Amino acid sequence: EAGVAQSPRYKIIEKRQSVAFWCNPISGHATLYWYQQILGQGPKLLIQFQNNGVVDDSQLPKDRFSAERLKGVDSTLKIQPAKLEDSAVYLCASSLGHNNSPLHFGNGTRLTVT
Amino acid sequence: GESVGLHLPTLSVQEGDNSIINCAYSNSASDYFIWYKQESGKGPQFIIDIRSNMDKRQGQRVTVLLNKTVKHLSLQIAATQPGDSAVYFCAEKDTGGFKTIFGAGTRLFVKA
């Protein structure tokens, strides 16, 4: 099966600029996740969708981050305006959605904010 | 904060030896545990999982052990190979199963 697709692979922006990341999950996966992974740390959940509804966005900095999954398939994550501390790898993952289903990750977008 | 942690940030083993990576968790409500492998420039890759009603599960060259009494999880890799060099994360889900929480990771170096 095709894996989770993410683009772009890399992005470099200046602080206060905006940026958007795109994710296409594995076909049939109801649950989609965005994680932030800062260098040397484990992934931290930003937002979780079940189909096109938000299940958990408690860790999403909503003053600058937004995400949507309008048709319950693809998703975009946006940062506006970016800060230096947003430099990280942004990972998208998907799963079948039942309790004991593991996450399948894309290769992420590496964001550098200068 | 994160409820899943790891004892050692790095582990170096000789090729062919067995590797043991440890993980402690603090949430008693967690009932599903997963090990992921992350190679440089890639996303985490599922290795093996275990439910809380089990204490051991084996895969191909990997075994996961769960000790609920002391809230400890371990990943054993048999006959470690250079391709096993990566960062290994343990992760947990609680009873509701909605949120997967990751630990900080252990970097495994395999010496030829």
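Residues numbered from 1 in each chain as written. Chains lettered and ligands numbered in written order. Predicted model: local features only at pLDDT ≥ 70, side-chain atom pairs only at ≥ 80, totals over all residues. Heavy atoms only, no water.

Visitor: Could you give an account of the packing of aromatic side chains, with specific residues and numbers?
Guide: Aromatic rings considered in pairs are described by the distance between their centres and by the relative angle of their planes. One pass over the structure, following the stated rule, counts eleven aromatic pairs over all chains. Between Y35 of chain A and F102 of chain B the ring centres are 5.5 Å apart and the planes differ by 85°, which places this aromatic pair in the edge-to-face class. Of the two residues, Y35 of chain A sits in strand β4 (residues 31–37) while F102 of chain B sits in strand β10 (residues 100–102), which places them in two different chains. Between F105 of chain A and F102 of chain B the ring centres are 5.8 Å apart and the planes differ by 75°, which places this aromatic pair in the edge-to-face class. Taken as a pair, F105 of chain A in strand β10 (residues 104–105) and F102 of chain B in strand β10 lie in two separate chains rather than in one. In terms of burial, F105 of chain A and F102 of chain B fall into one category: buried. (Phe/Tyr/Trp six-rings, centres within 6.5 Å; stacked < 30°, edge-to-face > 60°. Helix = DSSP H or I, 4+ residues; strand = E, 2+ residues; numbered from the N terminus. Buried < 20%, exposed > 50% of the residue type's maximum accessible area, 1.4 Å probe, protein only.)

Visitor: Account for the pattern of salt bridges, with residues named and values stated.
Guide: Scanning the model with the defined rule gives six salt bridges over all chains in all. One salt bridge connects K99 of chain B with D56 of chain A, and the closest N-O pair in it is separated by 3.1 Å. With one member in each of two chains, K99 of chain B in the loop between β9 (86–94) and β10 and D56 of chain A in strand β6 (residues 53–56) form a pair that bridges those chains. K99 of chain B gets classed as partly exposed once you look at its relative accessible area, which sits at 27%. In this structure, D49 of chain B and R57 of chain B form a salt bridge, with 2.2 Å as the shortest nitrogen-oxygen distance. (Salt bridge = Lys/Arg side-chain N within 4 Å of Asp/Glu carboxyl O.)

Visitor: Before we move on, could you go through the layout of surface pockets and cite the residues and values that matter?
Guide: A volume near 610 Å³ is recorded for the largest pocket. Surrounding the largest pocket, 32 residues form its lining, Q37, L39, G40 and R110 of chain A together with Q38 of chain B being those nearest its centre. Where the lining of the largest pocket is concerned, the elements lending two or more residues are β9 (88–95) and β11 (109–113) of chain A together with β9 and β11 (106–111) of chain B. Roughly 230 Å³ of internal volume is contained in the second largest pocket. For the second largest pocket, the lining is made up of 18 residues, of which F105 of chain A together with G43, P44, Q45 and F46 of chain B are closest to its centre. Of all elements in the fold, only β10 of chain A together with β4 (30–38) and β5 (45–51) of chain B reach the threshold of two or more residues within the lining of the second largest pocket. The class makeup of the residues in the lining of the second largest pocket is seven nonpolar, seven polar and four charged. (1 Å grid on protein atoms, 1.4 Å probe; cavity = no way out; pocket = protein on both sides within 12 Å on 5 of 7 lines; lining within 4 Å. Points joined across faces, edges and corners; volume = space filled by probe spheres on them. Nonpolar A, V, L, I, M, F, W, Y, C, P; charged D, E, K, R; others polar.)

Visitor: Break down the side chain of T100 of chain B for me, with residues and values.
Guide: Tracing the sequence through the fold places T100 of chain B in strand β10. T100 of chain B sits in the buried class, given a relative accessible area of 2%. If sequence neighbours within four positions are ignored, T100 of chain B has contacts with Y35 and L103 of chain A together with I34, A91, E92 and K93 of chain B. (Contact = heavy atoms within 4.5 Å.)

Visitor: For the interface of chain B and chain A, give the residues involved together with the corresponding values.
Guide: Contacts between chain B and chain A engage 22 residues on the former and 24 residues on the latter. When residues of chain B are sorted by the area they lose upon contact with chain A, F98, K99 and F102 of chain B head the list and together hold 26% of the total. Here chain B and chain A share one salt bridge between them. Between chain B and chain A we count seven residue pairs in polar contact (both at pLDDT 80 or more) in total. At the level of elements, β4, β5, β9 and β10 of chain B are the ones that each hand at least two residues to the side of chain B that touches chain A. Of the residues that constitute the side of chain B that touches chain A, the class distribution is eight nonpolar, eight polar and six charged. (Buried area = accessible area lost by both parts, 1.4 Å probe. Polar contact = N/O pair within 3.5 Å; in protein donor to acceptor, adjacent residues only side chain to side chain.)

Visitor: Give me the lowdown on the sheet that holds strand β7 (residues 65–68) of chain A, citing residues and values where you can.
Guide: Residues and elements named next belong to chain A. Across the sheet, which stays open at both edges, the four strands sit in the order β1-β3-β8-β7 with antiparallel pairing between neighbours. Each edge of the open sheet carries a strand with a single partner, namely β1 (5–7) and β7. Neighbour-to-neighbour, the strand axes of this sheet turn through a mean angle of 15°, independent of strand direction. Summarising the sheet, β1 and strand β3 (residues 19–24) pair through three bridges and their orientation is antiparallel. Residue pairing across strands places A5 opposite N24, the latter belonging to β3. (Pairing = 2+ DSSP bridges. Axes fitted to C-alpha atoms, helices over the stretch in contact; angles between N-to-C directions.)

Function-wise, these values are silent; they only describe arrangement.
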